[in-house]
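# An overview of the molecular structure
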Amino acid sequence: MKTVAFIPARGGSKGLPRKNIKIFNKKPLIYWPINAALNSKYIDEVVVTTDDVEIADIAKNFGAYIPFIRPKDLAGDLSTTEETLQHALLKYEEIKGKIDIAIFMTCTDVFRKPEWIDDAIKKLMNNPNLESVFSGHKTHKNFWEKDNKSNWIRIKDSMKIYSSRQIREFIVREDTGIICASRAYLWRNGRRIGDKVDIILNDDSFTGLDIHSEEDFLIAEFAHKIRNKINLK
């Protein structure tokens, strides 16, 4: 199965200007997903989709393939990830031919374990009924929403029962920016993930750190130092 990773990295980020090439742990943010993808056993090529020539050059230096510069109308504040991925896939396939599995990762999710990438791909390879496999963070927190009468209600009835965290039902936060592997036909149709999915569960609270502001970046830097200090013990 031909498997290609696609990493979006536009140049016009507003919350943290030029964030995708901001130095994090001695490397630009864009290095981290590129490097993780290049070290996968199953990914055949790593593509960065960007509207920015400087980002493209830096990504090339780290081993990414840049077959095109993304058009400006797909690099605005309101451009969706689905539009970006669909465009990148179709342009890539025009040049290199059809692929089977498409991988999505972001530069702003930096706390990903490399093995999650290959685990996601293997699950798709081994189960033809699956459409997507992605990372998800387990949480035992209660969540609320408003009903059609604007009353606050729990999103699950089981959340009415306050018991020990160890025995409570959990729900999962979708973290596709960390790793999401999908059948390529979904992206061709403008969908990021399908309905038949499996989730790689993680208990790592740091996976909730998604860098979109200066404060996010500083918190992530500090978290990374904590993680390194713990791993060195």
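Just above sits the structure.
Residues numbered from 1 in each chain as written. Predicted model: local features only at pLDDT ≥ 70, side-chain atom pairs only at ≥ 80, totals over all residues. Heavy atoms only, no water.

## So, the nonpolar core
If you look at the biggest cluster of nonpolar residues, it comprises 41 residues, and the most contacted ones within it are Ile 30, Ile 34, Ile 43, Val 48, Ile 103 and Ile 179. For this core, the secondary-structure elements that each account for two or more residues are β1 (3-8), α1 (31-38), β4 (45-49), α2 (53-61), β5 (101-104), α4 (114-126) and α6 (214-231). Top element by residues in this core is α4. It accounts for five residues. When near neighbours in sequence (up to four residues on either side) are disregarded, Val 48 contacts Ile 7, Ala 9, Ile 30, Ile 34, Ala 59, Ala 64, Tyr 65 and Ile 66. (Core = buried A, V, L, I, M, F, W, Y, C linked by side-chain atoms within 4.5 Å. Buried < 20%, exposed > 50% of the residue type's maximum accessible area, 1.4 Å probe, protein only. Helix = DSSP H or I, 4+ residues; strand = E, 2+ residues; numbered from the N terminus. Contact = heavy atoms within 4.5 Å.)

## Digging into the pattern of salt bridges
Counted by the stated rule, this structure contains 17 salt bridges. For Lys 14, the salt bridge is made with Asp 77, and the minimal N-O distance between the two is 3.4 Å. You can see Lys 14 sitting in the loop between β1 and β2 (23-24) and its partner Asp 77 sitting in the loop between α2 and α3 (81-96), a full 63 residues away along the chain. Here Lys 96 makes a salt bridge to Glu 45, at a shortest N to O gap of 3.0 Å. Of this pair, Lys 96 sits in helix α3 while Glu 45 sits in strand β4; the two residues are 51 residues apart in sequence, bridging distant segments of the chain. One salt-bridge network, held together by shared partners, links Arg 10, Lys 14 and Asp 77. (Salt bridge = Lys/Arg side-chain N within 4 Å of Asp/Glu carboxyl O.)

## A word on the environment of Met 125
By secondary structure assignment, the location of Met 125 is in helix α4. The exposure class assigned to Met 125 is partly exposed, which follows from its relative accessible area of 29%. Here the alpha-carbon distance between Met 125 and Arg 183, two residues 58 residues apart in the chain, equals 9.9 Å. Each residue touching Met 125, except ones within four places of it in the same chain, is listed here: Met 1, Thr 3, Tyr 42 and Ile 101.

## Thoughts on α4
Across its 13 residues, α4 extends 19 Å between first and last C-alpha, which sits within 8% of the 18 Å expected from 1.5 Å per residue. Within the span of α4, buried status applies to Trp 116, Ile 117, Asp 118, Ala 120, Ile 121 and Leu 124. Residues of α4 that are buried sit in contact with β1, α1, β5, β6 (132-139), β10 (180-183) and β11 (197-202). (Expected span 1.5 Å × (residues − 1).)

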